Amino acid sequence: MDIYSEHGNGDRKATVTLIQRHWSPDFNLWEVATYVQGKPIQRMNYKSQAEAERMAENFVNGDNGNDKVLLNE
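Residues numbered from 1 in each chain as written. Predicted model: local features only at pLDDT ≥ 70, side-chain atom pairs only at ≥ 80, totals over all residues. Heavy atoms only, no water.

This part covers the pairing of strand S2 (residues 12–19). For S2, the tally of buried residues reaches six of eight residues, placing the bulk of the element in the interior. One ladder, built from eight bridges, connects S2 with strand S3 (residues 29–36); its direction is antiparallel. Within S3, the residue paired with Ile-19 across the bridge is Leu-29. (Buried < 20%, exposed > 50% of the residue type's maximum accessible area, 1.4 Å probe, protein only. Helix = DSSP H or I, 4+ residues; strand = E, 2+ residues; numbered from the N terminus. Pairing = 2+ DSSP bridges.)

Shown next as C-alpha cells:
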C-alpha cells in the first residue's frame, strides 16, 4: 500500500491509500485514514477515488463550512 494523497489542516490529517487486489481490479478499495494530533481516529474504505478524496477533504476542512466533525467537538 502506497499513500496516494495526503490532506492536512492544523492538527487534522487524512491520507488516501489505494488497496489493490491483484486477483481483480474490481475489488480494489480506497482507504481513508484520519488523524488528530498525530493519533489515528478512524479508517474507512470506499469503492471510488473521488468519494475517498471528498471524505478526506471533508474531515480535514470541516463538512459544509462547519469545522466540528468529531463528536467531542
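For the structure on display, the rule yields one aromatic pair. For the ring pair Tyr-4 and Trp-30, a centre distance of 5.1 Å and an interplane angle of 75° mean the geometry is edge-to-face. Taken together, the residues Tyr-4 in strand S1 (residues 2–9) and Trp-30 in strand S3 connect sequence positions 26 residues apart. We note Arg-12 situated over the ring of Phe-59; from NZ or CZ to the ring centre the distance is 5.7 Å. (Phe/Tyr/Trp six-rings, centres within 6.5 Å; stacked < 30°, edge-to-face > 60°. Lys NZ or Arg CZ within 6 Å of the ring centre and 35° of its normal.)

Here helix H1 (residues 49–61) is 13 residues long and its end C-alpha atoms lie 18 Å apart, about the 18 Å a rise of 1.5 Å per residue gives. Looking only at H1, the buried set comprises Ala-52, Glu-53, Ala-56, Phe-59 and Val-60. The arc enclosing the buried residues of H1, seen along the axis, measures out at 130°, which places them on a common side. Just downstream of H1 lies Gly-62, where phi reads positive at about 90°. (Expected span 1.5 Å × (residues − 1). Arc of directions from axis to C-beta.)

With that settled, consider unusual backbone geometry. Leaving glycine out, the prevailing phi sign among residues is negative, and the prevailing peptide bond configuration is trans. Phi angles above zero are rare outside glycine, and Gln-37 is one such case at about 50°. Examined against the element boundaries, Gln-37 turns out to sit in the loop between S3 and strand S4 (39–46).

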